[in-house]
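Below are the chains, spelled out letter by letter.
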Amino acid sequence: IVDFTNVPVGSHVLGNVGPDEPFGGGVPGQDFPVADPSSTGQIIQFRVVPALAPDPTTPPRYLKLPAIPALPAASVTRPLALLEHMSEFFADAPAEAMLGTVEGDPNTGVGTLAHKMWSEPVTENPAVGATEVWEFYNATADAHPMHIHEIVFEVVNRQEIFVDEMGMSAQVVPGSTPVGPEPWERGLKDTVIAYPGQVTRVRATFKVPGQFVWHCHIVEHEDNEMMRPFRIGPVQPGQPPDGTM
Ligand SMILES: [Cu+2]
């Protein structure tokens, strides 16, 4: 809901204050230079015109929204890996962003990160009706907007992690404090930014049986191996069996 009440009549430009390079978190203009305001810094122009009729909508600050019921406690915590495959030919050049699994629990020790290709069998298979915490361990240098199909989730928290130099293992920094969701992340979400050097935790109830996907929402990443199938419940008739998607 966008409130245009006090916006002057005229043309306005929705700007992009992200960087002209992969986003890794931080404050625009402070941690990185903002996008070029004459080109990449412009997203869309919109025009505010004089009101043609009385506006009956309720300004956002007066809205009384129903409370969001809390999700049940999770029965499964699923550590997942966000990975970068480096080029074999060029120094310091990422060739591919990938998703994968984690062996071991990085909350209590070192977890080993293993990439999985799109075509490999499903590794995330919540039971129908199960509530799970999914942990995105970001071992890459960039932030990734992680999207899970079919469900909505709560952002639980984020926490600092150690990643080894090769990006093959991760561990939650012992003694570090989890940081709760940002003010704009308090509702139910379907996408969350997983920052580099952190684990980002979300909680969801998986109600509808079927086969879906989870992926980074940067198109160059999702189309370059940063997408994986997952399944809720057993294989359904007509679904691609494991390993043939
Ligand atoms: Cu990404």
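Residues numbered from 1 in each chain as written. Predicted model: local features only at pLDDT ≥ 70, side-chain atom pairs only at ≥ 80, totals over all residues. Heavy atoms only, no water.

**Section: the overall build of the chain**
No. 1: Counting secondary structure elements, the chain contains one helix and 13 strands.
No. 2: In sequence order, the chain lays out its α and β elements as β-β-β-β-β-β-β-β-β-β-β-β-α-β.
No. 3: The principal-axis extent of the C-alpha atoms belonging to the chain is close to 60 × 45 × 45 Å.
No. 4: Counting all 245 residues of the chain, 36% fall into the buried class. (Helix = DSSP H or I, 4+ residues; strand = E, 2+ residues; numbered from the N terminus. Buried < 20%, exposed > 50% of the residue type's maximum accessible area, 1.4 Å probe, protein only.)

**Here we look at the coordination of the copper ion**
No. 1: Protein coordination at the copper ion comes from His144 (ND1), Cys216 (SG) and His221 (ND1), with a distance range of 2.0 to 2.1 Å.
No. 2: Linear spacing of the donor residues for the copper ion on their chain is H-x71-C-x4-H. Remark: His221 occurs in helix H1 (residues 219-222) and His144 occurs in strand E7 (residues 144-148); sequence separation between them is 77 residues. Judged on exposure class, the residue His144 and its partner His221 are both buried. (Donors = N, O, S within 2.8 Å, 3.2 Å for Na, K, Ca; no water.)

**Quick word on the pairing of strand E6 (residues 130-138)**
No. 1: Taking burial as the measure, the nine residues of E6 include nine buried ones, the bulk of the element.
No. 2: On E6, burial covers both faces: Ala130, Glu132, Trp134, Phe136 and Asn138 on one face and Thr131, Val133, Glu135 and Tyr137 on the other are all buried.
No. 3: By the bridge criterion, seven bridges tie strand E3 (residues 76-86) to E6 in an arrangement that is parallel. Paired with Leu82 across the strands is Asn138, a residue of E6.
No. 4: Bridge count between E6 and strand E11 (residues 198-206): eight bridges; the pairing is antiparallel. Within E11, the residue paired with Thr131 across the bridge is Thr205. (Pairing = 2+ DSSP bridges.)

**As for the domain arrangement of the chain**
No. 1: Considered domain by domain, the chain is made up of domain 1 (1-65) and domain 2 (76-232).
No. 2: Counting residues at the interface gives four residues for domain 1, matched by five residues for domain 2.
No. 3: Counting the contacts that link domain 1 with domain 2 gives zero salt bridges.
No. 4: Put simply, domain 1 and domain 2 have one residue pair in polar contact (both at pLDDT 80 or more) between them. (Domains from an automatic or database assignment. Contact = heavy atoms within 4.5 Å. Salt bridge = Lys/Arg side-chain N within 4 Å of Asp/Glu carboxyl O. Polar contact = N/O pair within 3.5 Å; in protein donor to acceptor, adjacent residues only side chain to side chain.)

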